[in-house]
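Here's the letter readout for the chains.
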Amino acid sequence: MLSHDTRTINADRSDIEALDEIWLFGYGSLIYKVDFPYAESATAHITGWQRRFWQGSHDHRGTPEQPGRVLTLIEVPNARCFGIAYRVTLDVFDHLDHREKNGYLRSIQTLYFGNGEFKQGVVYIGKPDNPAFLGEAPIEAIAQQISKSVGPSGPNTEYVHRLADALRQQGEEDEHVFEIDRLLREMR
Ligand code: SIN
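Since the model is a prediction, treat every value here as computed from it, not as a measurement.

### Describing the overall build of the protein
Okay, so step 1: Helix and strand counts for the protein come out as seven helices and seven strands.
Okay, so step 2: For the protein, the succession of helices and strands along the chain, N to C, is α-α-β-α-β-β-α-β-β-α-β-β-α-α.
Okay, so step 3: Here the protein has a C-alpha radius of gyration of 16 Å; the compact-globule value for 188 residues is 16 Å, and the two agree.
Okay, so step 4: Considering only C-alpha atoms, the protein reaches an extent of 45 × 35 × 30 Å along its principal axes.
Okay, so step 5: In the protein, which comprises 188 residues, the share counted as buried stands at 51%.
Okay, so step 6: Sequence separation of at least 24 residues holds for 74% of the intrachain contacts in the protein that already meet a minimum separation of 6.
Okay, so step 7: On the protein, roughly 9000 Å² of surface is accessible, and the fraction owed to carbon and sulfur atoms is 49%.
Okay, so step 8: Here the protein carries 20 positive and 28 negative side-chain charges, and the mean point of each set is 4 Å from the other.

What follows is the structure in structure tokens.
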């Protein structure tokens, strides 16, 4: 079993160093909280993956006693996941590996850009074998847990609302995110 803290595993940069240009793909908080330098950004999508609030957050949007729920990607054939791609340099990964340390491992995926180009890019994914993975639950139970969780980065609800707002601004639909966003607004 993986430790919660994935920094040691992610410290091997050989996968990223092999890329001509380094593109980071964000599908969750990396869409709306951009606390790292980048040279350019673009809308993009990846295929075969779907956003789900199935990853526990013990360090940002919850605590070890009361973990929140944040996004990870689940493999679903033919699924499409929209996100924002950032062209970055190798030195941002110390910060990113720290930020994404609660079970996320870097994965190299093909990014399909809005202009029809595609390139390899880096995506942080919390796979089902990571100890912070909470897995599937009824949508109402997910919303309940999120409504009660708060961590050092703020209320868990903020993660959902900011992401939902960012997706709407881009004209993107995501039934899972939008339904949880709606349930949380009803609970206020
Ligand atoms: C991402 O946004 O791409 C990774 C998950 C997160 O930090 O919310």
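That was the structure; now back to the text.
### Topic: the site of the ligand
Okay, so step 1: Around the ligand lies a shell formed by F25, G26, Y27, G28, S29, L30, E100, Y104 and Y159.
Okay, so step 2: Measuring from an oxygen atom of the ligand, one finds a backbone N or O atom of G28 at 2.8 Å.
Okay, so step 3: In the model, an oxygen atom of the ligand is placed 2.5 Å from a nitrogen or oxygen of the Y159 side chain.
Okay, so step 4: When the ligand sits alone it has 250 Å² of accessible area, and the protein chains cover 97% of it.
Okay, so step 5: Mapped onto the shell around the ligand, the elements with two or more residues apiece are β1 (22–26) and α3 (29–32).
Okay, so step 6: The residue makeup of the shell around the ligand, split by class, is five nonpolar, three polar and one charged.

### Points about the environment of G68
Okay, so step 1: Along the chain, G68 turns up in strand β3 (residues 68–88).
Okay, so step 2: Those residues within four positions of G68 in sequence are excluded, and the remaining contacts are Q55, G56, S57, R61, G62, L134, Q145, S149 and N156.

### Some remarks on the pairing of strand β5 (residues 118–125)
Okay, so step 1: In the sheet, β1 pairs with β5 via two bridges, with the strands oriented parallel. Looking across to β5, one finds that F25 is bridged to V123.
Okay, so step 2: Linking two consecutive strands that pair antiparallel, namely strand β4 (residues 105–113) and β5, is a turn of four residues; a positive phi of about 95° is found at G116 within it.

### Quick look at the packing of helix α6 (residues 156–169) against helix α7 (residues 175–187)
Okay, so step 1: For the pair α6 and α7, the least separation of the axes is 9 Å and the interaxial angle reads 125°. Considered as vectors, α6 and α7 are oriented oblique to each other. Considering how the two elements wind past one another, α6 and α7 form a crossing that is left-handed. Touching T157, V160, H161, L163, A164, D165, L167 and R168 of α6 are V177, F178, I180, D181, L184 and R185, all from α7.
Okay, so step 2: Looking at the contact of α6 with α7, its residues break down into eight nonpolar, two polar and four charged.

### Here's the deal with the sheet that holds β5
Okay, so step 1: The strand order β1-β3-β2-β4-β5 describes a closed barrel built from five strands, whose pairing is mixed. Pairwise comparison of adjacent strand axes, ignoring direction, gives a mean angle of 45° for this sheet.
Okay, so step 2: The sheet strands contacting α6 are β2 (40–57) and β3, and the helix crosses β3 at an angle near 75°.

The rules behind the values
- Position labels on residues start from 1 in each chain and follow its written sequence.
- Totals for whole chains, interfaces and linings use all residues, but because this is a predicted model, local features are given only for residues with pLDDT of at least 70 and pairs of side-chain atoms are given and counted only at 80 or more.
- Values shown for side chains rest on all heavy atoms present in the structure; no hydrogens or waters enter the calculation.
- By the criteria applied, helices consist of DSSP H or I runs no shorter than four residues and strands consist of E runs no shorter than two, each listed in order from the N terminus.
- This radius of gyration counts C-alpha atoms alone. The globule rule is 2.2 Å times how many residues there are, raised to the power 0.38.
- Buried means the residue's accessible area, taken with a 1.4 Å probe over protein chains only, is under 20% of the maximum for its type, while exposed means over 50%, and partly exposed covers the values in between.
- Note on definitions: a residue-residue contact is assigned when non-hydrogen atoms from the two residues lie within 4.5 Å.
- Surface exposure here means Shrake-Rupley accessible area, sampled with a 1.4 Å probe, where a residue is shielded only by the protein chains that are shown.
- Under the counting rule used here, the positive set is Lys and Arg, the negative set is Asp and Glu, and His together with the chain ends is not counted.
- Throughout, a charge is located at the NZ atom of Lys, the CZ atom of Arg, the CG atom of Asp or the CD atom of Glu.
- A cutoff of 4 Å decides nearness: a residue is near a molecule or strand if any of its heavy atoms lies inside that distance of it.
- We define a polar contact as two N or O atoms separated by no more than 3.5 Å, with the added condition that, inside protein, one atom must be a possible hydrogen donor and the other a possible acceptor, whereas residues neighbouring each other in sequence contribute only through side-chain atom pairs.
- Three categories are distinguished: nonpolar for Ala, Val, Leu, Ile, Met, Phe, Trp, Tyr, Cys and Pro, charged for Asp, Glu, Lys and Arg, and polar for the others, with Gly belonging to the last.
- Pairing between two strands requires that DSSP report at least two bridges joining them.
- Axes here refer to lines fitted to C-alpha atoms; in helices the fit is confined to the stretch in contact. Angles between the N-to-C directions go from 0 to 180 degrees.
- Any angle between 65 and 115 degrees counts as roughly perpendicular, while under 35 counts as roughly parallel, over 145 as roughly antiparallel, and the rest as oblique.
- The sense of a crossing depends on the near helix, which, turned anticlockwise from the far helix by less than a right angle, makes the crossing left-handed and, turned clockwise, makes it right-handed.

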